Amino acid sequence: ACPALSAAQQILHAGRVGRLVQSGSHARVIGPAQVAFGALHPVLGVGGQVAPSVSINSLLQYSMSDAKFRQVVFGIQYHPELGKTVSIGQRYSEGQYNQLELAGQWPISRNLRAVGRYSYSFRDSRNVETLLGVEYDKDCWVFRLVGQRVQTVLGSPTTALFLQLELVGLGGIGSSPTKLLQRSV
């Protein structure tokens, strides 16, 4: 028997759009049977919850003219409860990137959480980004320490260290890693 779903649970989402790449200076609205002067690149997205704590997401862009995939994004996430998340995914865009991404957030103790992200480029055979950090939450204040290493285009990586003390309800002192963590994990 299937377990009962809460009102906020999403089982499946799907969508399809078409992208027209034109090779001329004339723009016009076209129908499905009028794709003679442009190349249609349909995009399909599918995802949803496949188990109580596991969800997947995917996005595919296919070139009808070349008969191959232009972009592929696939990810799987394990999220057993609030504050516990582990994900793995792959992003591919023809001629631009092919990356594996691992990310997670997990409690170490009652007040201490670890966060991390690792991105690897198959195209360049190297690490693209590494992010590791901890967050200590003590009732009326939160302390965050996050290190980030990003590979630059020129070949030499940049490294940053973020420290933040947040007084709950008042604001924080120091460089804020919060947006970086939200994007990364």
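Here the structure is shown first, and the text comes after it.
Attention here is on the structure that accompanies the text. This is a predicted model, so every value here is computed, not measured. (Residues numbered from 1 in each chain as written. Predicted model: local features only at pLDDT ≥ 70, side-chain atom pairs only at ≥ 80, totals over all residues. Heavy atoms only, no water.)

1. Focus on the side chain of Q99
The topology assignment puts Q99 in strand β6 (residues 97-107). Those residues in contact with Q99, other than ones at most four positions away along the chain, are G89, Q90, R91, Y120, S121, F122 and V128. (Helix = DSSP H or I, 4+ residues; strand = E, 2+ residues; numbered from the N terminus. Contact = heavy atoms within 4.5 Å.)

2. Topic: the pairing of strand β8 (residues 126-138)
Alignment of strand β7 (residues 112-121) against β8, held across ten bridges, turns out to be antiparallel. Residue pairing across strands places Y118 opposite T130, the latter belonging to β8. Counting the residues in the hairpin turn of β7 and β8 gives four residues, including S125, whose phi is positive at 50 degrees. Direction of pairing for β8 relative to strand β9 (residues 141-150): antiparallel, over a ladder of ten bridges. The partner of D137 across the bridge, within β9, is V142. The antiparallel pairing of β8 with β9 creates a hairpin that spans two residues between the two strands, and D139 there sits at a positive phi of about 50 degrees. (Pairing = 2+ DSSP bridges.)

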